[in-house]
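# Inside the fold
So the chains spell out like this:
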Amino acid sequence: MTVKVLLATTVRWPSAARLAGAFAAVGCTVEALLPAGHPAAKSCYLSRVHLYRPMAGPVSFLEGVGQSQTDFVVALDDRATALLLRAQKRATADVAALICRSLGNTNHYAQLMSRNGFIAAARQANIRTPLTHAILSETDLEHALDEIGLPAVLKADGTWGGDGVMVVHDRNEAFNTWRKLSSAPSLLRSAVRAIRRSDAHFLQAALGAKAPAISMQQFIPGKPATTSFACWQGKILAANHLETLAAQEENGPASVLRRIEDNAMDEAAARLAARFELSGLHGLDYIRDAEGRAHLIEINPRSPQTSYLSFGAGHDLVSALVARIDGQARAPRPPIACDTVALFPQEWMRDPLSPYLTGTFHDVPWDDPAMIRAWMQSQQGRPALEKWRAFMANSPQGAQLTAQS
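Because the structure is a prediction, the values reported are computed rather than measured. (Residues numbered from 1 in each chain as written. Predicted model: local features only at pLDDT ≥ 70, side-chain atom pairs only at ≥ 80, totals over all residues. Heavy atoms only, no water.)

What follows concerns the overall build of the protein. Tallying secondary structure elements over the protein gives 17 helices and 15 strands in all. Looking at the protein as a whole, 53% of its 405 residues are labelled buried. Looking at the protein alone, contacts between residues at least 24 apart form 65% of all its contacts between residues at least 6 apart. As displayed, the protein has an accessible area near 17800 Å², and 52% of this comes from carbon and sulfur atoms. (Helix = DSSP H or I, 4+ residues; strand = E, 2+ residues; numbered from the N terminus. Buried < 20%, exposed > 50% of the residue type's maximum accessible area, 1.4 Å probe, protein only. Contact = heavy atoms within 4.5 Å. Areas by Shrake-Rupley, 256 points an atom, 1.4 Å probe, with all protein chains shown as cover.)

Bringing the side chain of Arg302 into the picture now. Along the polypeptide, Arg302 turns up in the loop between strand E13 (294-300) and helix H12 (317-326). Residue Arg302 is classed as buried on the basis of its relative accessible area of 8%. There is a polar contact of 2.9 Å between the side chain of Arg302 and the side chain of Asp78. Residues within four places of Arg302 in sequence aside, it is in contact with Trp13, Ala75, Leu76, Asp77, Asp78, Thr81, Trp160, Leu281, His282 and Gly283. (Polar contact = N/O pair within 3.5 Å; in protein donor to acceptor, adjacent residues only side chain to side chain.)

Below, the discussion takes up the sheet that holds strand E5 (residues 132-134). Across the sheet, four strands lie side by side as E5-E8-E6-E7; this open sheet has antiparallel pairing. A strand with exactly one partner marks an edge of an open sheet, and here the two such strands are E5 and strand E7 (165-168). Geometrically, the sheet is characterised by an average inter-axis angle of 25 degrees between neighbouring strands, direction not taken into account. Where strand E6 (residues 152-156) and strand E8 (residues 214-218) come together, five bridges link them in antiparallel fashion. Bridge pairing in E8 links Ala156 to Ile214. Running over the sheet, helix H6 (residues 115-124) touches E5, E6, E7 and E8 and is turned about 140 degrees from E5. (Pairing = 2+ DSSP bridges. Axes fitted to C-alpha atoms, helices over the stretch in contact; angles between N-to-C directions.)

Here we come to the environment of Asp326. Note that Asp326 resides in helix H12. Separated by 324 residues in sequence, Asp326 and Thr2 have C-alpha atoms that sit 8.5 Å apart. Looking at Asp326, its side chain comes within polar contact range of the main-chain nitrogen of Gln328, at 2.9 Å. Within polar-contact distance, the side chain of Asp326 engages the side chain of Arg330 at 2.9 Å.

This part takes up the environment of Met113. When you line up the elements, Met113 lands in the loop between helix H5 (109-112) and H6. By relative accessible area, Met113 is classed as partly exposed at 25%. Spatially, the C-alpha atoms of Met113 and Asp78 are 8.6 Å apart, while their sequence positions differ by 35 residues. If sequence neighbours within four positions are ignored, Met113 has contacts with Asp78, Thr81, Ala82, Leu85, Asp157 and Pro301.

A few words on the pairing of strand E12 (residues 280-288). Judged by how many residues are buried, E12 sits mostly within the fold: nine of nine residues are covered. In this structure, strand E9 (residues 223-232) lies alongside E12, joined through nine bridges in antiparallel fashion. Each bridged residue has a counterpart across the sheet, and for Lys223 the counterpart in E12 is Arg288. By the bridge criterion, six bridges tie E12 to E13 in an arrangement that is antiparallel. Counterpart to Ile287 in the pairing with E13 is His295.

Right under this line is the structure:
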């Protein structure tokens, strides 16, 4: 029988459509749980879309999983993983088992999703990591600064994509940043952010008024790198390691990545998958120092945006995962044209004239034109749209799509 996959996300990243296309390419039926206005809702690779409602998160997830009658759920952002875990506590036995099957042993996720707790587990597994401490008070901060030194990195749990991560360079800045990150958001500030970003999650966070856990991590000079991997019950099925060549902003998401080989990163993924008994798609973030040594800084407990990429045998996460779900052998999908990838829409937003857009694999989903049109419509009135038009004007595929819009 055909494997049915449900993609679940609370954010409007267009990469959801890319992952839908990857699962469809290996014979899956793909449905998605998406917030209103998500451009991926128009993707030709989705057979059905379920509505995610931010103010009723766990209920939305229970309804989406139940209505889809899916074989497997893939979370595409950290909040989606957290909501799956909350939904599991309310679910019927069958749905609770499905969530566990999709994520792995959910009993481990409390430590997995704590930045300090995860690094502590990684250090116990003899993985190279920066010194990291939980910061519960100003006294903790004083002691951490004495041991870790400056510069250092302050991180708030429950954040991703560069949000909630600040590099501090002196003690005064460290204390001011800790006070800011550790304070529950005000209702007024959250309401303004909810309106400006068209995202009700900010209002929901303020109503909950819960201050996040904060950790301090040793600053490691070097270049960011990442691992995306597929696993099943603690066993690695396939993995890709990528180093960042360009990013939209400091501490922000990568916009250009290049595949690399790294034995230490292979071993780290295997140890952590086993330690947390993971299943599904996950990611690891690193800093590689001047000697090329990888320092693990955090985990992405959900599918990274690069999970859909195929680099051939042993490096096609989607094919390997689906083969394990239904027990049917699958050949890896054809590898992409090169090892360097310019991500859509990050790289052209950074620089619409970037040489990476034409000299590498640019992952614009040209095979999913309705999704691109929906994404363009979602950008009406925003500076990003003008950058996109400038890029499209210099692209034969883009010019054709624009003419059809």
